[in-house]
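Structural characterization, general
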Amino acid sequence: MVAGETTMTDLLGAVRTMLQAQTQTGEGLYGIRQVKRGVLPPRYQLPTLAILPVSEVYTGYYSGREARLERTLEIHVVARDLRGKQGMYDTETLVDAARDLVRADYRLLNGATARTLDVETGTIHFGESQMGDDLLQDAYFDAIYRCREFLPQPTLVNAVTDNPTGPAVADLVFDHLKASLGSAFREYSLGDIGPRGLWPAMIVSADTVASEPLPGRDLLAGDITVTLQSPVYGASDQTLSGHLESLELVKDALQDTPQWSGRCRSSQIDEIAFTTAPHSKEGLLYETEIAFSYESKANTTS
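Criteria and cut-off values
Residues numbered from 1 in each chain as written. Predicted model: local features only at pLDDT ≥ 70, side-chain atom pairs only at ≥ 80, totals over all residues. Heavy atoms only, no water. Salt bridge = Lys/Arg side-chain N within 4 Å of Asp/Glu carboxyl O. Helix = DSSP H or I, 4+ residues; strand = E, 2+ residues; numbered from the N terminus. Buried < 20%, exposed > 50% of the residue type's maximum accessible area, 1.4 Å probe, protein only. Phe/Tyr/Trp six-rings, centres within 6.5 Å; stacked < 30°, edge-to-face > 60°. Lys NZ or Arg CZ within 6 Å of the ring centre and 35° of its normal. Axes fitted to C-alpha atoms, helices over the stretch in contact; angles between N-to-C directions. Parallel < 35°, antiparallel > 145°, perpendicular 65-115°, else oblique. Left-handed = near helix turned anticlockwise from the far one by under 90°. Contact = heavy atoms within 4.5 Å. Nonpolar A, V, L, I, M, F, W, Y, C, P; charged D, E, K, R; others polar. Expected span 1.5 Å × (residues − 1). Pairing = 2+ DSSP bridges. Polar contact = N/O pair within 3.5 Å; in protein donor to acceptor, adjacent residues only side chain to side chain.

A word on the pattern of salt bridges. Evaluated as defined, the whole model comprises 15 salt bridges. In this structure, the salt-bridge partner of Glu-56 is Arg-71, at a minimum N-O distance of 2.9 Å. Of this pair, Glu-56 sits in strand E2 (residues 48-62) while Arg-71 sits in strand E3 (residues 66-80), and the two are 15 residues apart along the sequence. An identical accessibility class is assigned to Glu-56 and Arg-71; each is buried. A salt bridge links Lys-251 to Glu-56, with the nearest nitrogen and oxygen atoms 3.0 Å apart. One end of the pair, Lys-251, is in helix H4 (residues 237-255); the other, Glu-56, is in strand E2, and 195 residues separate them in sequence. With a relative accessible area of 1%, Lys-251 lands in the buried category. By sharing partners, the salt bridges in this structure join Glu-56, Arg-71, Glu-149, Glu-248 and Lys-251 into a single network.

Structure (structure tokens):
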């Protein structure tokens, strides 16, 4: 690995390990009872610290199959509302300490190699939530880590088809992901058809395709969204880790065939958003949306 190279799974684990080490007696986060990755379970120890993935934004692609990206985490400190200045002071002190630690140890060493290149932290926000009869204080901030990623060796073609439709490209993406990933997902859906309740699930949908070439170029631009879903269940750390490990498989499969059997001149992942979504049977799902764009050849003959 080179400096700055990591994955969202590895980054979450490294941040958790770093913050967990600071909960010991005499350290900056002393008093924190639990450091958690992902959604909090229905009941948990207080005060607790939770680390949630928010997004991956690709900021540039370079020679040597290198990509630069910004990975954003949301770091929460949750404590009982003691209905007094002391309660607010405790929460504010802990979240301030967490932000200072993130800034100070942004490299998150893996042996002698830094996992990230830099970090930027956002403003601290304060709110309230409920756990049973207890009113809780929730303070959180964003941590934006700048990282590297190296793409798989691509399969390229010589001829590019004129004017492919969005659904035609989506069909190719869907078939390739299903063939490449197999049992990594229990359900694959194309278009707006929702999952039947087999998890984890993947949905591929074609978004807009430009009707006119890009200015000054004989290319059309289109977008595809790949959505991954898996139940939160008991909100264990392993549930989120499994979801994110599946994401890495999907990213590799999307990036190893950038021309999609000659239907595209090029394609790339632009952004990945991590959220949760309610479900009538499962309660809550981890939901990850991959925004994937491509350029195809426009037919310029009249």
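Following the structure, the description resumes.
Glancing now at the packing of aromatic side chains. For the structure shown, the criterion picks out 3 aromatic pairs. When the ring of Tyr-58 is compared with that of Tyr-61, the centres are 5.7 Å apart and the planes differ by 5 degrees; the resulting orientation is stacked. On the basis of relative accessibility, which here comes to 9%, the residue Tyr-58 falls in the buried class. On the basis of relative accessibility, which here comes to 29%, the residue Tyr-61 falls in the partly exposed class. Directly above the aromatic system of Tyr-62 lies the positively charged group of Arg-68, at a separation of 5.8 Å from the ring centroid.

With that out of the way, let us pick up the packing of helix H3 (residues 166-181) against H4. Contact pair H3 / H4: the axes reach a minimum separation of 10 Å and the direction vectors enclose 125 degrees. Between H3 and H4, the angle is such that the two are oblique. Where H3 crosses over H4, the two elements pack in a sense that is right-handed. Within the contact between the two elements, H3 uses Val-173, His-176, Leu-177, Ser-180 and Leu-181 and H4 uses Leu-249, Val-250, Ala-253 and Leu-254. In the contact of H3 with H4, the residues fall into 7 nonpolar, 2 polar and no charged.

Attention shifts here to H3. For H3, which comprises 16 residues, the first-to-last C-alpha distance of 22 Å matches the rise-based estimate of 22 Å (1.5 Å per residue) to within 8%. Every buried residue belonging to H3 is among Gly-166, Ala-168, Val-169, Ala-170, Val-173, Phe-174, His-176, Leu-177 and Leu-181, and all of these are buried. Two residues or fewer after H3 comes Gly-182, characterised by a positive phi angle close to 50 degrees.

Let us look at helix H1 (residues 8-20). The end-to-end C-alpha distance of H1, which contains 13 residues, comes to 18 Å, matching closely the 18 Å that a straight helix rising 1.5 Å per residue would cover. Among the residues of H1, Met-8, Thr-9, Leu-11, Leu-12, Gly-13, Ala-14, Val-15, Met-18 and Leu-19 are the ones counted as buried.

Two elements, strand E1 (residues 34-37) and E2, share 4 bridges in a ladder whose sense is parallel. Across the sheet, residue Val-35 finds its bridge partner in E2, namely Leu-49. Connecting E2 to the antiparallel partner E3 that follows it, the hairpin turn spans 3 residues, and Gly-64 within it adopts a positive phi of roughly 75 degrees.

A few words now on the environment of Ser-180. Mapped onto the elements, Ser-180 comes out in helix H3. For the pair Ser-180 and Thr-25, spaced 155 residues apart in the sequence, the C-alpha separation amounts to 49 Å. A distance of 2.8 Å separates the side chain of Ser-180 from the backbone oxygen of His-176, its partner in a polar contact.

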